[in-house]
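# Secondary and tertiary structure notes
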Amino acid sequence: MTSFRSSQPTLEAPLYVNEAFRGYYNKLGRARLRGVVRNPAIPADLLRQLVDTHFEEIRVYLSLRQDWTDEQFGALAAHPDCAVRELLAQAPNLTPELRARLVEDPEPKVLRALAVGPEWLFSWPWEPPPSVLPAWAYERLLERRPNLKPFLIDCPWLPPDLQSRLTADVQSQLSSAGSTSPRVDDAGDPQLPADLVARLAEDPSPAVRLTVSMRPELSEEQRAAINYYVGPDDRIRPARWAIDTRDPQVQRRCAFSAHIGLRRSVACNQHLTPELVAVLADDDDFAVRLLLCEHQPDLASETVLRTYLEATTINRGKLLSHPSLRRVGLARLADSPDPQARALAVLDPEAAPQLIDQLSNDPHPMVRGWMASDPRLSAGRLLELFEDPATTEAAAANPCLPAPVMHAVLAEATGGLEAQ
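Residues numbered from 1 in each chain as written. Predicted model: local features only at pLDDT ≥ 70, side-chain atom pairs only at ≥ 80, totals over all residues. Heavy atoms only, no water.

Each pocket or cavity is described by its volume, and for the second largest pocket that value is around 720 Å³. Forming the walls of the second largest pocket are 22 residues, and the residues nearest its centre are Arg235, Ala287, Leu290, Leu291 and Thr313. Listing elements by their share of the lining of the second largest pocket, those giving two or more residues are helix H16 (260-267) and helix H18 (286-295). If one sorts the elements of the lining of the second largest pocket by residue count, H18 sits on top with six residues. Of the residues contributing to the lining of the second largest pocket, the split by class is 10 nonpolar, six polar and six charged. (1 Å grid on protein atoms, 1.4 Å probe; cavity = no way out; pocket = protein on both sides within 12 Å on 5 of 7 lines; lining within 4 Å. Points joined across faces, edges and corners; volume = space filled by probe spheres on them. Helix = DSSP H or I, 4+ residues; strand = E, 2+ residues; numbered from the N terminus. Nonpolar A, V, L, I, M, F, W, Y, C, P; charged D, E, K, R; others polar.)

A side chain with one charge may pair with a side chain of the opposite charge, provided their charged atoms come close. Inspection of the entire model under this criterion finds 27 salt bridges. Across the pair Asp282 and Arg306 runs a salt bridge, and its minimum N-O distance is 3.8 Å. With Asp282 in the loop between helix H17 (274-281) and H18 and Arg306 in helix H19 (residues 301-310), this pair connects stretches of sequence that are 24 residues apart. Classification of Arg306 by relative accessible area gives partly exposed; the value is 31%. In this structure, the salt-bridge partner of Glu384 is Arg381, at a minimum N-O distance of 2.9 Å. (Salt bridge = Lys/Arg side-chain N within 4 Å of Asp/Glu carboxyl O. Buried < 20%, exposed > 50% of the residue type's maximum accessible area, 1.4 Å probe, protein only.)

A complete count under the given rule lists zero aromatic pairs for this structure. One cation-aromatic arrangement involves Arg65 over Trp68; the distance from NZ or CZ to the ring centre is 5.0 Å. (Phe/Tyr/Trp six-rings, centres within 6.5 Å; stacked < 30°, edge-to-face > 60°. Lys NZ or Arg CZ within 6 Å of the ring centre and 35° of its normal.)

Right, let's talk about the packing of helix H3 (residues 44-63) against helix H25 (residues 403-413) for a bit. Helix packing for two helices is described by the angle between their axes and how far apart those axes are. Look at H3 against H25: their axes get within 10 Å of each other, and the N-to-C directions meet at 20°. Considered as vectors, H3 and H25 are oriented roughly parallel to each other. H3 and H25 meet at a crossing whose hand is left-handed. Packed against H3, whose contacting residues are Asp45, Leu46, Gln49, Leu50, Thr53 and His54, the element H25 presents Met406, His407, Leu410 and Ala413 at the interface. In the contact of H3 with H25, the residues fall into five nonpolar, four polar and one charged. (Axes fitted to C-alpha atoms, helices over the stretch in contact; angles between N-to-C directions. Parallel < 35°, antiparallel > 145°, perpendicular 65-115°, else oblique. Left-handed = near helix turned anticlockwise from the far one by under 90°. Contact = heavy atoms within 4.5 Å.)

So yeah, pure geometry; function would need other evidence.
Shown next as structure tokens:
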């Protein structure tokens, strides 16, 4: 079955760049290189040529490739530039079997990159942890480079039995060395005496007062008496007790609290009752609703969709892979006045090719761009979008783009980027 997941880039030009950089970044040749290097159907020999000639231009987008064939990986796995092999070792979408082919690499930097694994910046609890390397490959890494143990022990992808073994080894070494970890008291320490809590509630530090205001033993009146503030865009450290509690009454007290911090904290609790999930889904604070989506796999599809459309955070795209989001039926959004909603019609696996073509003529360039990378797009319209500077990058990533056109991208870019 064909997969119609969006192949839009997950990174954009940095928000802080000026117009001069935007002009440089959006030149036709550069945009097409970024698209072609992400194209699932790029011939392996062309991928190698792109890396050989324009690695610095395309390295980030190379790492963002969502699909790799054996041939595409093989074209780069023995690349003479160690930086290319390091990038492969940490590319997030490689299969464990492909990544394991680097375990015999002669360069220590590549082996260290394998031990560290991908930078999974925005993984959420409802996502199954990816399998990065087979268990045998981790064992082989340790056999070849025992000094990689400190990197492996912090690796979240490590098989549990190996993780336990390495942890036990480190603890044994610390114990024999007489090492101890010092205890650190802070304003959230449950063992603090009441008189010290009262003094900390009037501490000159806003962070200290906020931490005190989220202590579990306080009543709503006591919290309200503390001079704390949580703004809509403020990032705060959640209260661990509210995240971990399985007591329905404690969860309910947090969910209905006037304290935004407690509502945000309990939204991260993965043991909430359906009733409280529904309450928090209608919370006035956007961060509560976003955190709920990040930590609750069982939500109403409309809650996830509404949160995505409201979000402006860099990781908003992760919501489109939420297990509760029903993609079938998203074609209904094709007539929405919101271009962000119209663009989501492309995620509907049952959307007709005629609808994709229709939306590829949308007045908003973002909508046209999302359609440009979809394989249901007609061949003629794909080539038209490829010629449009606003959509050429997305069209260059379309797996139906003819191979001669992909080769032409490299030919036109060679010797021409510096002049752009």
